[in-house]
Amino acid sequence: MVLDQIPCTHILVGGDANTKSPLWEPDIQCHRNPEEVQPLVDLIIKHQLNLWNQLNSPPNFETTNGRRWIDITAASVTLDSYAQSWKVIQDTLSDHNCLAFTLGQIATRCVYPCFWLKKNRAFKVANTATSMIL
């Protein structure tokens, strides 16, 4: 798992979870299998992430067919104390509303894993990536 390989304690996860849970969805009636959300809930619990979603917020997904709260923002305990605001911005050009938040100043130094490639290997990786794009 990617989060297990990050040596930094400040973790922020956000995005379209595309699933419902009573942890972030005020209206949990859903046609999907409840077991679909379990891996995400397990990840939140394992890494002790705090959800920034507010149950009284406007929906973060709206179409003519309904309103949903399927996008989430979660942070590690060490980053959570720097959160100054979190809100849903409606009336976007997408069916997903924007999740906006602000953080205070954070004094931290995170070291991320580096992968060193020899020159010929770097060219092979670049050529492969280019051929995939073109």
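Per an unreviewed UniProt entry, the recorded name for the chain is Endonuclease/exonuclease/phosphatase domain-containing protein, and the organism is Caerostris darwini.

A.B. asks: Could you clarify how one ought to interpret the packing of aromatic side chains in this entry?
C.D. replies: A full pass over the atoms with the stated rule returns 1 aromatic pair. Aromatic pair Trp-52 and Phe-101: ring centres 5.3 Å apart, planes at 75°, arrangement edge-to-face. With Trp-52 in the loop between strand E2 (49–51) and strand E3 (61–63) and Phe-101 in strand E7 (residues 98–103), this pair connects stretches of sequence that are 49 residues apart.

A.B. asks: Sorry if this is basic, but what is going on with the environment of Leu-49 here?
C.D. replies: The residue Leu-49 is located in strand E2 in this model. Discounting chain neighbours no more than four positions away, the residues touching Leu-49 are Ile-11, Val-13, Leu-43, Ile-44, Ala-74, Ala-75 and Ser-76.

A.B. asks: I'm lost on the side chain of Asp-71 in this one. Help?
C.D. replies: When you line up the elements, Asp-71 lands in strand E5 (residues 71–76). A distance of 2.8 Å separates polar atoms of two side chains, one belonging to Asp-71 and the other to His-96. Apart from residues lying up to four places away in sequence, Asp-71 is in contact with Gly-15, Asp-16, Ala-17, Asn-53, Asn-60, His-96, Asn-97 and Leu-99.

A.B. asks: Sorry, what's going on with helix H2 (residues 38–46) here?
C.D. replies: Residues that lie three or four places apart on an α-helix share one face, since the helix turns once every 3.6 residues. Taken together, the buried positions of H2 are occupied by Val-41, Leu-43 and Ile-44. Seen from one end, H2 has its buried residues packed into an arc of 155°, which puts them on one side. Relative to its buried face, H2 has exposed residues pointing more than 90 degrees away, namely Pro-39, Ile-45 and Lys-46. Taken together, the buried residues of H2 touch helix H1 (2–5), E2 and E5. Positioned one or two residues after H2, Gln-48 has a phi angle of 50°, which is positive.

A.B. asks: Help me understand the sheet that holds E5, please; the structure alone is not making it clear to me.
C.D. replies: The strands that make up a sheet are held in pairs by hydrogen bonds between backbone atoms, and each pair lies either parallel or antiparallel. Taken in spatial order, the 3 strands make up an open sheet running E1-E5-E2, and their pairing is antiparallel. Two strands lie at the open edges of the sheet, namely strand E1 (12–16) and E2, each paired on one side alone. Each neighbouring strand pair of the sheet contributes to a mean axis angle of 25°, computed without reference to strand direction. Where E1 meets E5, 5 bridges bridge the pair, whose relative direction is antiparallel. The residue bridging Gly-15 from the neighbouring strand is Ile-72, located in E5.

A.B. asks: Please clarify how the side chain of Asn-53 should be interpreted in this entry.
C.D. replies: One can find Asn-53 in the loop between E2 and E3. Judged by its relative accessible area of 10%, Asn-53 is buried. A polar contact of 2.7 Å, which involves the side chain of Asn-53, links it to the backbone oxygen of Asp-71. Aside from chain neighbours lying at most four places away, what touches Asn-53 is Trp-24, Asn-60, Asp-71, Ile-72, Thr-73 and Trp-86.

Definitions and limits used
Residues numbered from 1 in each chain as written. Predicted model: local features only at pLDDT ≥ 70, side-chain atom pairs only at ≥ 80, totals over all residues. Heavy atoms only, no water. Phe/Tyr/Trp six-rings, centres within 6.5 Å; stacked < 30°, edge-to-face > 60°. Helix = DSSP H or I, 4+ residues; strand = E, 2+ residues; numbered from the N terminus. Contact = heavy atoms within 4.5 Å. Polar contact = N/O pair within 3.5 Å; in protein donor to acceptor, adjacent residues only side chain to side chain. Buried < 20%, exposed > 50% of the residue type's maximum accessible area, 1.4 Å probe, protein only. Arc of directions from axis to C-beta. Pairing = 2+ DSSP bridges. Axes fitted to C-alpha atoms, helices over the stretch in contact; angles between N-to-C directions.

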